[in-house]
Amino acid sequence: MKMLKKKISNYTGSKYVVLTASGSSALHLSFLCIGLKKNQEVLIPNLNYVATSNAVYQCGGIPHFVDIDEKTLGMDFYKLDNYLEKNTRIKNKTCFNIKTGREIKAFVPMHTFGNPVNIDLAKKIKKKYHLKLVEDAAEAIGSFYKKKHVGTFGDCGVLSFNGNKTITSGNGGALLTNSKNLAKIAHHLSSTAKVVTSTKFTHDSLGYNYRLSNINSALGLAQIEKLKSFLKYKKNIYNQYKIQFKNIPLIKIFECQKNYKTNNWLITAILDKRIKNLKNRLLNEANKKSIKCRPVWELLSRLKIYDKAVRMPDLNCSEDLYERIISVPSTSKQTLIKFYNEKNQ
Ligand SMILES: Cc1ncc(COP(=O)(O)O)c(C=O)c1O
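So, a few notes on the structure that sits alongside this text. (Residues numbered from 1 in each chain as written. Predicted model: local features only at pLDDT ≥ 70, side-chain atom pairs only at ≥ 80, totals over all residues. Heavy atoms only, no water.)

1. What to know about the site of the ligand
Right, on to step 1. Near the ligand you find 16 residues, and of these Gly-23, Ser-24, Glu-139, Ser-160 and Lys-165 are the closest.
Right, on to step 2. Within the backbone of Gly-23, a nitrogen or oxygen atom sits 2.8 Å from an oxygen atom of the ligand.
Right, on to step 3. Those elements that provide at least two residues to the shell around the ligand are α2 (23-33) and α3 (50-58).
Right, on to step 4. Looking at which element gives the most residues to the shell around the ligand, the answer is α2, with three residues.
Right, on to step 5. Tallied by class, residues from the shell around the ligand come to five nonpolar, eight polar and three charged. (Near = heavy atom within 4 Å. Polar contact = N/O pair within 3.5 Å; in protein donor to acceptor, adjacent residues only side chain to side chain. Helix = DSSP H or I, 4+ residues; strand = E, 2+ residues; numbered from the N terminus. Nonpolar A, V, L, I, M, F, W, Y, C, P; charged D, E, K, R; others polar.)

Rendered as structure tokens:
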């Protein structure tokens, strides 16, 4: 366990790493550690995996969905700034939603499919509105913003080592932070808030069994040693798609912004607006041929479980991209074997 922590810390540059049973549990711990309380709001991109907003609910918080930016597929910080200017007021360094009267505690940029968002803009929002910044980098191990690993810019960040991620420990995740105190709380809460002395075995608050097991850690350790070659392999696949799609009109392979480095976790085809009505047909035809293309997640604002969540009135970009995104197969056993065989010849 210690060795995996150290490797993640060295690779990401995060001072502290708390290993967890999943990315979802790392998210829950993050919100507990930043002090998210009942009825406080958390700003989350509308195009997102459900684990982020679920973790807010677990703490009694209220997800508040905001729009995304076509250039990054992550939070649109310009739109967010504009929205917060008009809809919030700051009192005693605390941000309040004028309409609901509730405190807005934090925002959670997510690095969609491994593509970094603009962290400089995120930092400005954090400062201007006195918000906690939790980075959901669950999909983004191996992604960098201006040479610094994502998940290391905010109060804390989250990685996932789920089976479908760039590296896996079976199930697993990590909370990254540069705060000793936050790491200490996260570690404590992840171990059922246990306090053990030679005469006592007790629990000083409500805690959780969120630790990564030793067996899962061992798997993670073996995987992180291969991370660089996995990233190279993913880049190869991405380049192949770029070549193959170059002359296909009306479909573009999504390109990460210059200066940012993506891990190419999930490669994304974007349909031109003129052919968005073909998305389902393309998905059906591809899957019939065993080409495992996938639609993007249902928008969070459309999930019944979040009927009572707050949302920006204008979620146009996420609504538009929802109709046009197709995730294309981004790893395959055959190409992986071929890659290793060629490398080892
Ligand atoms: C953006 C995002 N956040 C959180 C998670 C949750 O991670 P886990 O599956 O390890 O619980 C995932 C993925 O699985 C994810 O894609």
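2. Notes on the pattern of salt bridges
Right, on to step 1. With the rule as written, the count across this model stands at 16 salt bridges.
Right, on to step 2. Note that Lys-128 is salt-bridged to Glu-85, the shortest N-O span being 2.7 Å. Remark: Glu-85 occurs in helix α4 (residues 77-87) and Lys-128 occurs in helix α5 (residues 119-129); sequence separation between them is 43 residues.
Right, on to step 3. Overall, Lys-128 belongs to the partly exposed group, its relative accessible area being 38%.
Right, on to step 4. Among the ionic contacts, a cluster of salt bridges with common partners joins Glu-70, Lys-273, Asp-320 and Arg-324. (Salt bridge = Lys/Arg side-chain N within 4 Å of Asp/Glu carboxyl O. Buried < 20%, exposed > 50% of the residue type's maximum accessible area, 1.4 Å probe, protein only.)

3. Considerations on the layout of surface pockets
Right, on to step 1. If you add up the space inside the largest pocket, you get close to 440 Å³.
Right, on to step 2. Forming the walls of the largest pocket are 19 residues, and the residues nearest its centre are Asn-164, Lys-165, Lys-234, Trp-265 and Thr-331.
Right, on to step 3. At three residues, the largest contribution of residues to the lining of the largest pocket is made by helix α8 (residues 227-245).
Right, on to step 4. Of the residues contributing to the lining of the largest pocket, the split by class is seven nonpolar, eight polar and four charged. (1 Å grid on protein atoms, 1.4 Å probe; cavity = no way out; pocket = protein on both sides within 12 Å on 5 of 7 lines; lining within 4 Å. Points joined across faces, edges and corners; volume = space filled by probe spheres on them.)

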